[in-house]
Every structure is written in structure tokens, then in C-alpha cells.
Amino acid sequence: MISGFLLVNKDPGISSSRVVQVLKKKLNLNKVGHLGTLDPMATGLLIIAINRATKFASLLLQSEKSYRAEVTLGIQTDTDDAEGEAISLKDINIDEYEAKKALLTFLGESDQLPPSYSALKYKGKPMYKYARDGIKVEKAARKILIKNIQNIEINLPKVSFDVQCSKGTYIRSIARDLGLRLGCGAHLSKLIRTSQEKFMLSDACAIDDINLEKLISLEKAFEDLDFIQLNEGDSAAFLHGRSIETDFHHTNLLRVYDDKNQFIAIGKNTSTGFKHEYLV
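Residues numbered from 1 in each chain as written. Predicted model: local features only at pLDDT ≥ 70, side-chain atom pairs only at ≥ 80, totals over all residues. Heavy atoms only, no water.

A.B. asks: Run through the overall build of the chain, naming residues and quoting values.
C.D. replies: Counting its secondary structure elements, the chain contains 7 helices and 17 strands. Along the longest, intermediate and shortest principal axes, the C-alpha atoms of the chain span 70 × 45 × 40 Å. Long-range pairs, those at least 24 residues apart, make up 68% of the contacts in the chain between residues at least 6 apart in sequence. Accessible surface, the chain: about 14700 Å² in total, of which carbon and sulfur atoms supply 47%. Looking at charge distribution, the chain has the averaged site of its 38 positive side-chain charges lying 6 Å from that of its 36 negative ones. (Helix = DSSP H or I, 4+ residues; strand = E, 2+ residues; numbered from the N terminus. Contact = heavy atoms within 4.5 Å. Areas by Shrake-Rupley, 256 points an atom, 1.4 Å probe, with all protein chains shown as cover. Lys, Arg positive; Asp, Glu negative; His and termini not counted. Charge placed at Lys NZ, Arg CZ, Asp CG, Glu CD.)

Here it is as C-alpha cells:
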């Protein structure tokens, strides 16, 4: 069974789930998933997992992401982005210095409230469904980390910048909160995902150009991890879920190879021995 990852440069106007459906049919695949939703208006890097690679999704979903964002000041929308309805229009009585200063206050760790229109679930139901029904639901704020804000361009009412952030960060919420801090309201008017983990938008293809020759193997995808090779006996035990003894003590994830030098898993040292976390 062929497994691995494809890098798609998503167009605007198509949902991430729709990209999955198109590729599943186009490439005649059994199991396909995406690793990190991009809203329909957003473009850029969307990592697609094929077959057994879907089991490794959590490794990449935990990763940092980078974006090129454009925020429009003076207009607040109900969805916090350009797809929503305007709910507030205000004059912009600030200068470029004030806009940049306010933007840079987002650097570092903070508690972020997710947008009302989001796929996060409340009592088993996505928040956007409550919002569409006019029901106000507020999820608890979540810890996020904004690692970098760079290449800031300000041409009021537009504020554009590159941002590197932790998993779970909503750039729409940054736009909303920037508008609140400046007292004029704002919304996210453009978003491009430029990287996720070590994968770059520059290596992605348009959905029409995707084929299985562009598949990144599981071994290639995790080549930055250190590795361990097991003998024949340990390989058999390891694959059956039994822990094995090793002579190292760190708890980093490792690529695991069997006695025939085949990539078989990603494993981790635990208090009960070395065990697999993800089987290839």
C-alpha cells in the first residue's frame, strides 16, 4: 500500500475537506486526510496524508506553522475574516507607528479566544453551527505562542505581516484582537500558509498538478529524527507491541529500522522500555 504525504498549494474558495475529496477520487485512494485546516478564503500549504500516513497525523498537527497575513482595519466582521458580514465600521485614527506597536504586542505566549465561527466543538457540536443559529458560545481561551512577527508592511487600512506561531493559533483572532486594541475593529482579509514543520509552500503543487510521483515517503518525512536499528529478535517483539531493552535513556522520538534495514516505526523510550508510537 502506497503511503506518504502530498503538499498542496490550496486555492481560495475551496475547503480543506473538499481538497481531500478531490484527491481521493483523482488518485483513487482509500484513505486521505489533511493535517491542519485552512479556511476556504485562505490559500497556501495544505499537507495531505495518504493511507498509513494518516496515523502519523498527530506528529505534524502539533507543529509550528507560518503565514503571510493581511488585516484590514476599520471593519469588523462576524466571522473575523473577509467571508463574514460587517458588524462594525469605524474611522481609523491611528498612524503606522501605533499600528506596528500594537501588532508587536502579540509576540510571545498569551491566552487566545477562538473565533465564534470555528470548527472547535462545544458539547459535541462545532461552534460555527451555534453562531449560525445566533447562539453565543464562548470557548475557554487557549495558550498560544507567537514566535515571530516579521516583514511588517503598513498601508492603512491594510496591515500585512509574516507570523510564525504554535499549533491552535487562529490568525483571525489576531486580526480581531488587533482591531480591538486599536479601537477601530479589524478583520483578516488575506491569509497564506507558507510553512508547516519543515514543509514549505515553495515545494507544494496546485491541486490540478498533484500526482503520486510527488509523494513524500514516511521515511523521508521524518528523516530529521535520530534512528535506531534492531536485531531480528527485538524487531519481532517490538512489532508485536512488547517493550525492549535499550542502552540509551533519552525520550526523544526515533526512527526504527529492523535487522534488514527497513523503516518499520517511530518509537520512544518509556519507563517500561522502548516501544513503538507509530507503526509504518
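A.B. asks: Describe the environment of lysine 220, listing the residues and the values that go with them.
C.D. replies: The topology assignment puts lysine 220 in helix α6 (residues 218–221). Among the residues examined, lysine 220 registers a relative accessible area of 47% and is labelled partly exposed. With 215 residues separating them along the chain, lysine 220 and phenylalanine 5 place their C-alpha atoms 9.7 Å apart. (Buried < 20%, exposed > 50% of the residue type's maximum accessible area, 1.4 Å probe, protein only.)

A.B. asks: Before we move on, can you summarise the pattern of salt bridges with the specific residues and values?
C.D. replies: This structure, assessed with the given rule, holds 11 salt bridges. With a closest N to O distance of 3.2 Å, aspartate 162 and arginine 68 form a salt bridge. On the criterion of sequence distance, the pair formed by aspartate 162 in strand β11 (residues 158–165) and arginine 68 in strand β4 (residues 65–73) is long-range, its members being 94 residues apart. Classification of aspartate 162 as partly exposed rests on a relative accessible area of 23%. Put simply, lysine 198 and aspartate 224 hold a salt bridge, and the shortest N to O gap is 3.6 Å. Of this pair, lysine 198 sits in the loop between β12 (186–196) and β13 (199–200) while aspartate 224 is found in the loop between α6 and β14 (227–229), placing the two residues 26 residues apart along the sequence. Connected via shared salt-bridge partners are Arg68, Glu153 and Asp162. (Salt bridge = Lys/Arg side-chain N within 4 Å of Asp/Glu carboxyl O.)

A.B. asks: Describe helix α1 (residues 16–26), naming the residues involved and giving the relevant values.
C.D. replies: Among the residues making up α1, those that are buried are Ser16, Val19, Val20 and Leu23. Take α1 and look down its axis: the buried residues cluster within an arc of 100°, on one side only. As for α1, its buried residues are in contact with β1 (4–10), β2 (32–34) and β3 (43–50). Directly beyond the C-terminal end of α1, a positive phi value near 55° is found at asparagine 28. (Arc of directions from axis to C-beta.)

A.B. asks: Can you tell me about the sheet that holds strand β16 (residues 263–270), naming the residues and giving the values?
C.D. replies: Spatially, β14-β15-β16-β17 is the arrangement adopted by the 4 strands of the open sheet, whose pairing is mixed. In this open sheet, the two edge strands, each paired with only one partner strand, are β14 and β17 (273–279). For this sheet, the mean angle separating the axes of adjacent strands, direction not counted, is 40°. Relative to strand β15 (residues 254–257), β14 runs parallel, the two being bridged by 3 bridges. Among the inter-strand pairings, glutamine 229 is bridged to a residue of β15, identified as tyrosine 257. Here helix α7 (residues 232–239) sits on the sheet and contacts β15, β16 and β17; the angle it forms with β17, its principal contact strand, is near 60°. (Pairing = 2+ DSSP bridges. Axes fitted to C-alpha atoms, helices over the stretch in contact; angles between N-to-C directions.)

A.B. asks: Account for the nonpolar core, naming residues and giving values.
C.D. replies: If you look at the biggest cluster of nonpolar residues, it comprises 44 residues, and the most contacted ones within it are Ile48, Leu73, Phe161 and Ile171. Sort the elements by how many residues they give to this core and helix α5 (residues 171–182) lands first, with 5 residues. Beyond its immediate sequence surroundings of up to four residues, isoleucine 171 is in contact with Tyr67, Ala69, Val163, Cys165, Leu188 and Leu191. Counting residues in hydrophobic clusters, the runner-up holds 23 residues, among them Ala57, Phe199, Ala204 and Leu225. (Core = buried A, V, L, I, M, F, W, Y, C linked by side-chain atoms within 4.5 Å.)

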